[in-house]
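Examining the three-dimensional arrangement
Each chain is listed here by its residues.
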Amino acid sequence: ALVLTIGLILTATVVIAQSSTVKINEFLIEPTPQIVELLNTGTSIVDLSNWYVDDNGGTTYFTIPAGTVLYPNACISFSGSLNFNRTSTDTVRLFDSTAPPTSSSANLIDAFEYKASSGSGVTFQRIPDGQSVWSTASANFDKYNLTGLSCRLETTPTPTQTPPPTNSPTPSDAQTPTPMPLAS
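All values reported here derive from a predicted model rather than from experimental measurement.

With that settled, the discussion passes to unusual backbone geometry. Backbone phi values are negative for most residues with the exception of glycine, while trans is the configuration of most peptide bonds. In this structure, the amide linkage connecting E30 to the following residue, P31, adopts the cis form with an omega of 0°. With respect to the element layout, P31 can be found in the loop between β1 (22-28) and β2 (34-40). P128 follows I127 through a cis peptide bond whose omega is -5°. The topology assignment puts P128 in the loop between β10 (122-126) and β11 (134-138).

Take the confidence of the model for the protein next. In this model, the protein carries an average pLDDT of 83, and 73% of its residues clear a pLDDT of 70 or more. The model gives residues 1-18 a pLDDT under 50, and that stretch makes 30 contacts with residues more than four places away or in other chains.

Read across the open sheet, the 5 strands follow the order β7-β2-β1-β10-β11; overall the sheet is antiparallel. Each edge of the open sheet is held by one strand with a lone partner, namely β7 (75-80) and β11. Averaged over all neighbouring strand pairs, the angle between strand axes comes to 25°, with direction disregarded.

This part covers the pairing of β11. Burial analysis of β11 places 4 of its 5 residues in the buried class, which makes it a mostly covered element. Here β10 runs beside β11; their pairing, made up of 5 bridges, is antiparallel. Within the sheet, the bridge partner assigned to T123 lies in β11 and is A137.

A few words on the state of the cysteines. By the definition in use, this model includes 1 disulfide. A sulfur-sulfur separation of 2.0 Å characterises the disulfide bridge that pairs C75 with C151. Torsion about the S-S bond of the C75 and C151 cystine: about 85°, corresponding to right-handed handedness. You can see C75 sitting in strand β7 and its partner C151 sitting in the segment after β11, a full 76 residues away along the chain.

Quick look at the nonpolar core now. Note that soluble globular proteins tend to have their nonpolar side chains buried in a common cluster. One finds F27, V36, L38 and L48 to be the most contacted residues of the largest nonpolar core, which totals 24 residues. If you list the elements that add at least two residues to this core, you get β1, β2, β7, β8 (90-95) and β9 (108-114).

Side-chain pairing between opposite charges can occur once the charged atoms of the two side chains come close. What the rule picks out here adds up to 4 salt bridges. The salt bridge partner of D54 is R93, with a shortest N-O separation of 2.7 Å. Of the two residues, D54 is situated in strand β4 (residues 52-54) and R93 in strand β8; the sequence distance between them amounts to 39 residues. R93 shares its class with D54; the two are buried. Two residues, R152 and D142, come together in a salt bridge whose shortest N-O distance is 4.0 Å. You can see R152 sitting in the segment after β11 and its partner D142 sitting in the segment after β11, a full 10 residues away along the chain. In this structure R152 comes out as partly exposed when scored by relative accessible area, which is 31%. Classification of D142 by relative accessible area gives partly exposed; the value is 23%.

Our focus in this paragraph is the environment of I24. Considering the arrangement of structural elements, one finds I24 in strand β1. Given a relative accessible area of 1%, I24 falls into the buried group. The spatial distance from the C-alpha of I24 to the C-alpha of F124 is 10.0 Å, given a sequence separation of 100 residues. Ignoring sequence-local partners within four residues, the contact set of I24 consists of V36, E37, L38, V92, R93, L94, D110, A111, R126 and W134.

Conventions adopted
Residues numbered from 1 in each chain as written. Predicted model: local features only at pLDDT ≥ 70, side-chain atom pairs only at ≥ 80, totals over all residues. Heavy atoms only, no water. Helix = DSSP H or I, 4+ residues; strand = E, 2+ residues; numbered from the N terminus. pLDDT = per-residue confidence, 0-100. Contact = heavy atoms within 4.5 Å. Pairing = 2+ DSSP bridges. Axes fitted to C-alpha atoms, helices over the stretch in contact; angles between N-to-C directions. Buried < 20%, exposed > 50% of the residue type's maximum accessible area, 1.4 Å probe, protein only. Disulfide = S-S within 2.5 Å. Core = buried A, V, L, I, M, F, W, Y, C linked by side-chain atoms within 4.5 Å. Salt bridge = Lys/Arg side-chain N within 4 Å of Asp/Glu carboxyl O.

If you want it as structure tokens, here you go:
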């Protein structure tokens, strides 16, 4: 019999957030740096400029850099010291750019509460991607958790034609006329 083991299916507190196509799809607590992957399950490009990744409390949070966009059905990962607790309950939260997480005006987009770290190199991840079921498995960032195929969409600059150089007149060695006095 073929047995497919994806990992431990988790039962955790689901936090209701504003409907959005951007989901926290995977995150790593240890080792450092901590990493979070976001997935756009929608059909439109989403501007993530100045969105926030935060844990449950405190005054330190990660701000997504300006100019960051997430294409449809694509993912993007961020790493750093994200302050996710290793040994106690915490919540990974995603907020849009309305206001920082420390503000009462902050707009929660997605969240997942966990009891403790899943272990070194082991992530919490949605299977299938972007859906409501969470599991633990080896880190799989920038890849679809179910298939292992890349979900990272790298943008490439659109080539533009460079106009040919124009011929511009060059200075000549022509002599400047010398003024001559007029005869009277």
